[in-house]
Amino acid sequence: PVPPFPASIMDGFAVRSTDGPGRFPVDNVAGATAGSSPSGPLLAGHLRYVTTGAPLPEGADAVVKVEDTKEVWVDGALLIDIGVASKPGANIRKVGSDTAQGEVVLRR
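I will try to describe carefully the structure that is included in this document. These numbers come from a predicted model, not from an experiment.

The next point concerns the overall build of the protein. From N to C terminus, the protein includes zero helices and eight strands. Considered along the principal axes of its C-alpha atoms, the protein spans approximately 60 × 25 × 20 Å. A total of 108 residues make up the protein; the buried ones form 33% of that total. Considering only contacts in the protein between residues 6 or more positions apart, those separated by 24 or more positions represent 66%. Here the protein has roughly 6300 Å² of accessible surface; of this, 55% comes from carbon and sulfur atoms.

Moving on, we come to the packing of aromatic side chains. Across all of its chains, the model carries one aromatic pair by this definition. With a centroid separation of 5.6 Å and 70° between ring planes, the pair formed by Phe13 and Tyr49 is classed as edge-to-face. Placement of the pair is Phe13 in strand S2 (residues 12-15) and Tyr49 in strand S4 (residues 47-50), with a sequence separation of 36 residues. For Phe13, a relative accessible area of 8% translates into the label buried.

Applying the stated criterion to the full structure yields three salt bridges. Ionic pairing is found between Asp81 and Arg23, a salt bridge with its closest N-O pair at 2.6 Å. With Asp81 in strand S7 (residues 77-82) and Arg23 in strand S3 (residues 22-32), this pair connects stretches of sequence that are 58 residues apart. Residue class for Asp81 comes out partly exposed when judged on its relative accessible area of 21%.

Thresholds, definitions, all that
Residues numbered from 1 in each chain as written. Predicted model: local features only at pLDDT ≥ 70, side-chain atom pairs only at ≥ 80, totals over all residues. Heavy atoms only, no water. Helix = DSSP H or I, 4+ residues; strand = E, 2+ residues; numbered from the N terminus. Buried < 20%, exposed > 50% of the residue type's maximum accessible area, 1.4 Å probe, protein only. Contact = heavy atoms within 4.5 Å. Areas by Shrake-Rupley, 256 points an atom, 1.4 Å probe, with all protein chains shown as cover. Phe/Tyr/Trp six-rings, centres within 6.5 Å; stacked < 30°, edge-to-face > 60°. Salt bridge = Lys/Arg side-chain N within 4 Å of Asp/Glu carboxyl O.

Following this line, the structure appears as structure tokens:
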């Protein structure tokens, strides 16, 4: 199936929707980009930067777009303010949403 993993449809932050709006630490500043592998699960109360096409870390069920966030530095630590509520599946391409397993994409 394509994509073979849940993928972000925009640049933003992978979140657990149940965490809700608020101020959160970034658990991996490097984040994830298209073509990379997630670097471990997303912990509750944290978020991770993802680019368009990047795989979501295990535990994330939504992506909040960058425009709905604000960087905040507190005592040298990067925190992100998220001012909107997320719903599961928001801004995510589901596994197989482009091409289902076994679907013919090109004929000779």
